[in-house]
Amino acid sequence: MGGQDIFETISSQYFQLTHSEKKVADYVLAHRVDAQYMSISELAEECQVADATISRFCRRLGLGSYNTFKLELAKASMAAQSARQRGGDGRDGFEAMCRERLQEQIAALEQTVERLDPRALERAAELLFQAGRVLCMGQGSSMVLAEEAWSLLASISPKFCLVPDSHQQMAALALMEEGDAVLYFSYSGSTRELQDALEVARRRKGRVILVTRFPKSPGGLRADVVLQCGSNEGPLQAGEMPARIAQLFVVDLLYTQLFQLDPEQAAARRERIAEAIARRHV
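Residues numbered from 1 in each chain as written. Predicted model: local features only at pLDDT ≥ 70, side-chain atom pairs only at ≥ 80, totals over all residues. Heavy atoms only, no water.

J.: I would appreciate a short explanation of the nonpolar core in the present structure.
T.: Generally speaking, a soluble globular protein has its nonpolar side chains buried in company with each other. Judged by nonpolar contacts, the single largest core of 36 residues is most densely connected at L128, L183, F185, I209, L227 and L254. Looking at this core, the elements that each hand over two or more residues are α7 (118-130), β1 (134-138), α8 (141-153), β3 (181-185), β4 (207-212), β5 (225-228) and α12 (241-261). Considering each element in turn, this core owes the most residues, seven residues, to α12. Contacts of F185, omitting those with residues within four sequence positions, involve M137, G138, Q139, S142, L145, A146, A149, V211, Q247 and V251. A25, A44, I54 and A76 belong to the second-largest nonpolar core, a separate cluster that totals 24 residues. (Core = buried A, V, L, I, M, F, W, Y, C linked by side-chain atoms within 4.5 Å. Buried < 20%, exposed > 50% of the residue type's maximum accessible area, 1.4 Å probe, protein only. Helix = DSSP H or I, 4+ residues; strand = E, 2+ residues; numbered from the N terminus. Contact = heavy atoms within 4.5 Å.)

This is the structure we're talking about:
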């Protein structure tokens, strides 16, 4: 694209686009920030075109894939934001930075409350409650979230197991019994590892609960229950705190829902853990 940013490229090629492609261009130019956070299916739905139209639109701009297109959107948006923020320093700059980050965290939680289906949360808790064993999994930074979930949920039931290594995950999935469950964390819902895990879990008749931002992702469409988190995360923001906080909030809600299914036993187990740990304090 030479020295042009993605928006300049779209504008310069606008009149060479087909009618359907112009609908995509119009939407992207009108929603410059929001578009970078959308999956290809979400953008296609907003533009009322097919997914294939989005792919052709990207190729028309000289980009190899939709992910590359989102990356260019993120670069252009970040450049514009940096230009607006340049020059802030001192105490005022520090306070502005803190306020901005605080609002991002609050927005992530509010978006999660808006998007999370309470019936899905109830069903997920029921599946976990009835399961003989629950495997907690993720990849990369999502593995950290799986560990956080295991740490909290294992305090009320020993059935929760953390499986951190990708090879160990496939082995554990292959040994699932009917009625076992998987609690999987994947912000995109479209990683190859997730799809492989779903395939094995299905063969073993296990149930899959997916925590993701995109319920219409390949993983979201195949999971038994989808718990949708909030927080928009662009290609240049992978692993940033708002998305993690949103997913941890889902974990906290799931824990609360699960606790309420058998509060006496859950409280008794937490008390036993607290007593055991207390003996280690001097």
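J.: Explanation requested: the sheet that holds β1 in the structure shown.
T.: What links the strands of a sheet is backbone hydrogen bonding, and the strands pair in either a parallel or an antiparallel sense. Read from one edge to the other, the open sheet built from five strands follows the order β2-β1-β3-β4-β5, with strand pairing classed as parallel. Of all strands in the sheet, those bounded by a partner on one side alone are β2 (160-162) and β5. For this sheet, the mean inter-axis angle between neighbouring strands, taken without regard to orientation, is 20°. With four bridges joining them, β4 and β5 adopt parallel strand pairing. If you follow V211 over to β5, its bridge partner there is L227. (Pairing = 2+ DSSP bridges. Axes fitted to C-alpha atoms, helices over the stretch in contact; angles between N-to-C directions.)

J.: Can you help me understand the environment of V208 in this one?
T.: Assignment of secondary structure puts V208 in strand β4. The sequence separation of V208 and A181 amounts to 27 residues, and the corresponding C-alpha distance is 5.7 Å. Sequence-distant contacts of V208, defined by excluding residues within four places in its chain, comprise V182, L198, A201, A223, D224 and V225.

J.: Just to check I follow, could you spell out unusual backbone geometry for this structure?
T.: For residues besides glycine, phi is generally negative; the peptide bonds are generally trans as well. Within the chain, Q48 stands out as a residue other than glycine whose phi angle is a positive 60°. Counting through the fold element by element, Q48 comes out in the loop between α3 (40-47) and α4 (51-60). According to the relative accessible area criterion, Q48 is exposed, its value standing at 66%.

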